[in-house]
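Survey of secondary and tertiary structure
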Amino acid sequence: MIRELACAVFRSQNKMKILTFLILCFASVALADDFKAVDGKEYKNVTVSRVEPDGIVLISSSGISKVYFTELPKEVQERFHYDAAQAAAYSAEQASSQEAFQSQQAELRRKLAEEKNRYWTGQEPAKNQQDKLRTPTAASVAGRGQQVEVISHGAQVDIAKHLALGNVTVVDFYADWCGPCKQLSPTLEQMARTDPEIALRKIDIVNWNTAVAKQHNIHSIPQVNVYNRGGRLVGTVVGVSIEEVKRYVAQAKTGG
């Protein structure tokens, strides 16, 4: 009886140790923290939402950032068990997935172009053509404003080719999984919908490893670039700060 009681106590203590360990592990990720990159950039009062083989995803009150382990000091790398080989394999896997995604998108664009060509050459009836040929990369907005366009879903894009010269162009870098982006997006769309001098272009980074994210060095979203009527970048806003966006838009309207 005494032996059974001792075993039960021992098992209970082990369970408590395991539970305590799990709580501490969770707390190290969930609690707010400060990080300083090797280049001196600071991330204050942020929460580590996810640890990936090549870096950590941080959430702050203003947005979401991906910081790669190669940008962080050795003690942080050790804290999150960074392994260079695993990181390289993960990056290669992400690149492969993105390449497959881009191939699917290219095939979709090709099929849409073929359908459109058949329609205009009279080889296909007009029934339901409007629904068939409406692509996910453009959305009309009601009212007197201009068209809102999604100009990239992860692929590299030349922003200069999509600027509405003569008007102010607002470029919104976002992702569907980004909560702060969803908070900011309706206000940006409302600005474009009600002001004919503003054109909104949206770039879906999809994830941190896509070609467009690397091309424009996007580590935090939402990010908004504001261009004046001549196509010159007036300012960049990182995070949810609509007042700062409006200030740059006003500046861009007057020539920047």
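Quick note: structure is the one above.
Not measured: the values here are computed from a predicted model.

Thresholds applied
- Residues numbered from 1 in each chain as written.
- Predicted model: local features only at pLDDT ≥ 70, side-chain atom pairs only at ≥ 80, totals over all residues.
- Heavy atoms only, no water.
- Phe/Tyr/Trp six-rings, centres within 6.5 Å; stacked < 30°, edge-to-face > 60°.
- Helix = DSSP H or I, 4+ residues; strand = E, 2+ residues; numbered from the N terminus.
- Buried < 20%, exposed > 50% of the residue type's maximum accessible area, 1.4 Å probe, protein only.
- Lys NZ or Arg CZ within 6 Å of the ring centre and 35° of its normal.
- Expected span 1.5 Å × (residues − 1).
- Arc of directions from axis to C-beta.
- Contact = heavy atoms within 4.5 Å.
- Pairing = 2+ DSSP bridges.
- Bend = angle between axes of the 7 residues up to and from the residue.

Here we look at the packing of aromatic side chains
A complete count under the given rule lists four aromatic pairs for this structure. With a centroid separation of 6.3 Å and an interplanar angle of 35°, the aromatic rings of phenylalanine 69 and phenylalanine 80 are classed as tilted. You can see phenylalanine 69 sitting in the loop between β4 (64-68) and α2 (74-79) and its partner phenylalanine 80 sitting in the loop between α2 and α3 (84-120), a full 11 residues away along the chain. The burial state of phenylalanine 69 is the same as that of phenylalanine 80; both residues are buried. Between phenylalanine 69 and tyrosine 82, the aromatic rings sit 5.2 Å apart at their centres with planes inclined by 40°, giving tilted as the arrangement. Taken together, the residues phenylalanine 69 in the loop between β4 and α2 and tyrosine 82 in the loop between α2 and α3 connect sequence positions 13 residues apart. Through pairs of rings, three or more aromatic residues link up here, namely Phe35, Phe69, Phe80 and Tyr82. In this arrangement the basic side chain of lysine 202 is found over the ring face of tyrosine 174, its NZ or CZ atom lying 4.5 Å from the centre. Lying across the ring of tyrosine 248, arginine 247 places its NZ or CZ 4.8 Å from the centre.

Some details on helix α7 (residues 242-253)
Relative to the 16 Å expected for 12 residues at 1.5 Å per residue, α7 spans 16 Å between its end C-alpha atoms, a close match to the ideal helical length. For α7, the complete set of buried residues consists of Ile242, Val245, Tyr248, Val249 and Ala252. Viewed along the axis of α7, the buried residues span an arc of 120°, placing them on a single side of the element. For α7, the elements touching its buried residues are β7 (168-174), α5 (179-194), β8 (198-204), β10 (223-227) and β11 (233-238). In the stretch just after α7, glycine 255 is the one whose phi turns positive, near 110°.

What to know about the sheet that holds strand β1 (residues 32-36)
Read across the sheet, five strands follow the order β1-β2-β3-β4-β9 without closing on themselves; strand pairing throughout is antiparallel. Each edge of the sheet is formed by a strand with only one pairing partner; in this case those strands are β1 and β9 (220-221). In this sheet, strand β2 (residues 42-52) lies alongside β1 in antiparallel orientation, the contact comprising four bridges. Paired with phenylalanine 35 across the two strands is tyrosine 43, which belongs to β2.

Brief notes about α5
In this model, α5 (16 residues) spans 24 Å end to end at C-alpha, consistent with the 22 Å of a helix rising 1.5 Å per residue. A bend of about 25° at serine 185 is the largest found in α5, and the proline proline 186 appears one to four places after it. The set of residues buried in α5 consists of Pro180, Cys181, Leu184, Ser185, Leu188, Met191 and Ala192.

Re the pairing of β8
For β8, the buried fraction is high: seven of the seven residues fall into the buried class. Of the two faces of β8, the one carrying Ile198, Leu200, Lys202 and Asp204 and the one carrying Ala199, Arg201 and Ile203 are both buried. Relative to β8, strand β6 (residues 148-153) runs parallel, the two sharing four bridges. Note that in β8 the partner of valine 150 across the bridge is lysine 202. Sheet analysis places β7 next to β8, joined by seven bridges and oriented parallel.

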